[in-house]
Amino acid sequence: TQEREPERQPHAGRRVALFPLPFQGHLSPMLQLADLLRARGLAVTVLHTRSNAPDPARHRHGPDLAFLPIHEAALPEEATSPGADIVAQLLALNAACEAPFRDALASLLPGVACAVVDGQWYAALGAAARLGNSDECHFVLAESLWIIPAGERLDEAVPELEPLRVRDLIRVDGCETEALCGFIARVADAMRDSASGVVVNTFDAIEASELGKIEAELSKPTFAVGPLHKLTTARTAAEQYRHFVRLYGPDRACLAWLDAHPPRSVLYVSLGSVACIDHDMFDEMAWGLAASGVPFLWVNRPGSVRGCMPALPYGVDVSRGKIVPWAPQRDVLAHPAIGGFWTHCGWNSTLESVCEGVPMLARPCFADQTVNARYVTHQWGVGLELGEVFDRDRVAVAVRKLMVGEEGAAMRETARRLKIQANQCVAATLAIDNLVKYICSL
Ligand code: UDX
């Protein structure tokens, strides 16, 4: 609803192929980008894996929106078994999808102007570039950014990556540093060698210098098109949820529960769609939230605790809280009763919170989340770090500090100002217009 009327340019009929990673946190922004491109007169084909495919009974095809499955082979068991780490899964997905993606994309030629591929699809990016060299079409893009990890002295600053410390660099529990570095190197090489440009879901007010670095290091046009979720209309965002609804269905009744609470009184707690915690941490969270005395809305996603989903610890009083399996997060964060967000700092959650002016309690789990958490707490000043040492007392103290303390109030004020800057970017939508012009010039 916030987007100004987009400029429809004279390129009706040009088609863009989009290839998101099959995870909620990656599907949503890519579908939001699809909406924005369609609103400017481009047609879109979303190529998708069989895993997390759109539900054919729910999604609508039209002349300007099509979905095309790529029929990848089943992943090897070692990449999908419960103990498998996310890097093993991403490597296996890339291997399984390279040829089927190339064949699906080739079947669309010569009618495709450009492909937008998630940055972690390094194999697809290479395949698209090789097809593009056939001169039948050109290929852009790569979404998202990974930074090189490693190091031992955890609290030392990394001067070239200020404000990051060594401990904030990307890591994945259970994954060897060598395997993680290998994966990141493939992503970086594919972007450098195969992409014509970079699309990033962020905006200048929060990452101007980082965007400048990407552009300088890759020597490619870079488009900061975010915050994507604010640029798409409410109506189409609801449709996007329906496309991939088999992922999780939100419990909308929690909004009525929020209606009954005073402004800024409730803490929203969610660790996104992928992160898993262990049983002990779950118990400490429950005890700590209860002890804080602050009302809370807690998303307990099925599968988010390693092993089987535990019951709440015996004797804990959660009468001030509401627990749901999945929430309509964007509506929750925009609700006046929400005063803070305990988040794992996935990029979508971070942006959504920034855009609603909600201060955060940052407790990253893996991958880019540690980087995002450091920006939240030390670069933008809109959050508190919960810390890696985790027990119920620290949880209760941190929750109270954020929700009723002076420090929390100062962060809420900074978050309110950042929200205004995000809204100014939404009103401008210049980057997306520039991206469309660039695609049409290819
Ligand atoms: C993954 C990675 O884990 C993360 O590190 C990376 O930055 C993006 O991809 P995920 O862990 O799912 O993402 O987190 P996040 O990026 O925050 O995305 C979660 C999405 O699910 C958000 O758009 C959020 O609004 C939505 N959500 C989450 C709900 O709609 N309801 C919920 O109850 C929880």
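Up top is the structure.
Source: prediction; values computed, not measured.

*Asks:* Hey, could you go over helix α4 (residues 122-132) for me, with residue numbers and the actual values?
*Replies:* Counted residue by residue, α4 has nine buried out of 11 residues, so it is predominantly covered. Among all positions in α4, only Tyr-122, Ala-123, Ala-124, Leu-125, Gly-126, Ala-127, Ala-128, Leu-131 and Gly-132 are buried. Contacts made by the buried residues of α4 are with β1 (15-19), α3 (86-108), β4 (112-117) and α5 (177-194).

*Asks:* How would you summarise the site of the ligand if you had to cite specific residues and measurements?
*Replies:* Taken together, 24 residues form the shell around the ligand, and within it Gly-25, Gly-272, Gln-329, Gly-346 and Ser-349 come nearest. Contributing elements (two or more residues each) for the shell around the ligand: α1 (24-39), α11 (329-334) and α12 (347-356). Residues that form the shell around the ligand fall into these classes: nine nonpolar, 12 polar and three charged.

*Asks:* Quick rundown of the nonpolar core? Include the residues and the values.
*Replies:* With 121 residues, the main nonpolar core has Val-16, Leu-18, Ala-124 and Leu-297 as its most contacted residues. Top element by residues in this core is α3. It accounts for 11 residues.

*Asks:* Got a sec to walk through the packing of α4 against α5? Specific residues and values, please.
*Replies:* Where α4 meets α5, the axes come as close as 9 Å, and the angle between the chain directions of the two elements is 20°. One element, α4, and the other, α5, form an angle in the roughly parallel class. Remark: the crossing between α4 and α5 carries left-handed chirality. Here Tyr-122, Leu-125, Gly-126 and Ala-129 of α4 come into contact with α5, specifically with Arg-186, Val-187, Ala-190 and Ser-194. For the contact of α4 with α5, the residue count by class is five nonpolar, two polar and one charged.

*Asks:* Describe unusual backbone geometry, with residues and values.
*Replies:* Omega for the peptide link from Leu-109 to Pro-110 comes to 5°, which places this bond in the cis form. Within the secondary structure, Pro-110 sits in the loop between α3 and β4. Cis peptide bonds are those with omega within 30 degrees of zero, and the linkage from Gly-226 to Pro-227 qualifies with -5°. Inspection of the secondary structure assignment puts Pro-227 in the loop between β6 (222-224) and α7 (228-231). We note that Ser-219 has phi near 50°; this positive angle belongs to a residue other than glycine. With respect to the element layout, Ser-219 can be found in the loop between α6 (204-218) and β6. Ser-219 gets classed as exposed once you count the C-beta atoms within 10 Å, which come to 8. Unlike most non-glycine residues, Arg-264 shows phi in positive territory, near 55°. Of note, Arg-264 is situated in the loop between α9 (253-259) and β7 (266-270).

*Asks:* How would you explain the sheet that holds strand β12 (residues 383-385) if you had to name every residue and give the values?
*Replies:* As summarised here, the arrangement of the six strands in space is β9-β8-β7-β10-β11-β12, forming an open sheet in which the pairing is parallel. Each of the sheet's edge strands pairs with one partner strand only, and the pair in question is β9 (321-324) and β12. The average angle at which neighbouring strand axes cross in this sheet is 15°, direction not considered.

About the cut-offs
- Residues numbered from 1 in each chain as written.
- Predicted model: local features only at pLDDT ≥ 70, side-chain atom pairs only at ≥ 80, totals over all residues.
- Buried ≥ 20, exposed ≤ 12 C-beta atoms within 10 Å, placed from the backbone.
- Helix = DSSP H or I, 4+ residues; strand = E, 2+ residues; numbered from the N terminus.
- Contact = placed C-beta atoms within 7 Å.
- Near = placed C-beta within 6 Å.
- Nonpolar A, V, L, I, M, F, W, Y, C, P; charged D, E, K, R; others polar.
- Core = buried A, V, L, I, M, F, W, Y, C linked by C-beta atoms within 7 Å.
- Axes fitted to C-alpha atoms, helices over the stretch in contact; angles between N-to-C directions.
- Parallel < 35°, antiparallel > 145°, perpendicular 65-115°, else oblique.
- Left-handed = near helix turned anticlockwise from the far one by under 90°.
- Pairing = 2+ DSSP bridges.

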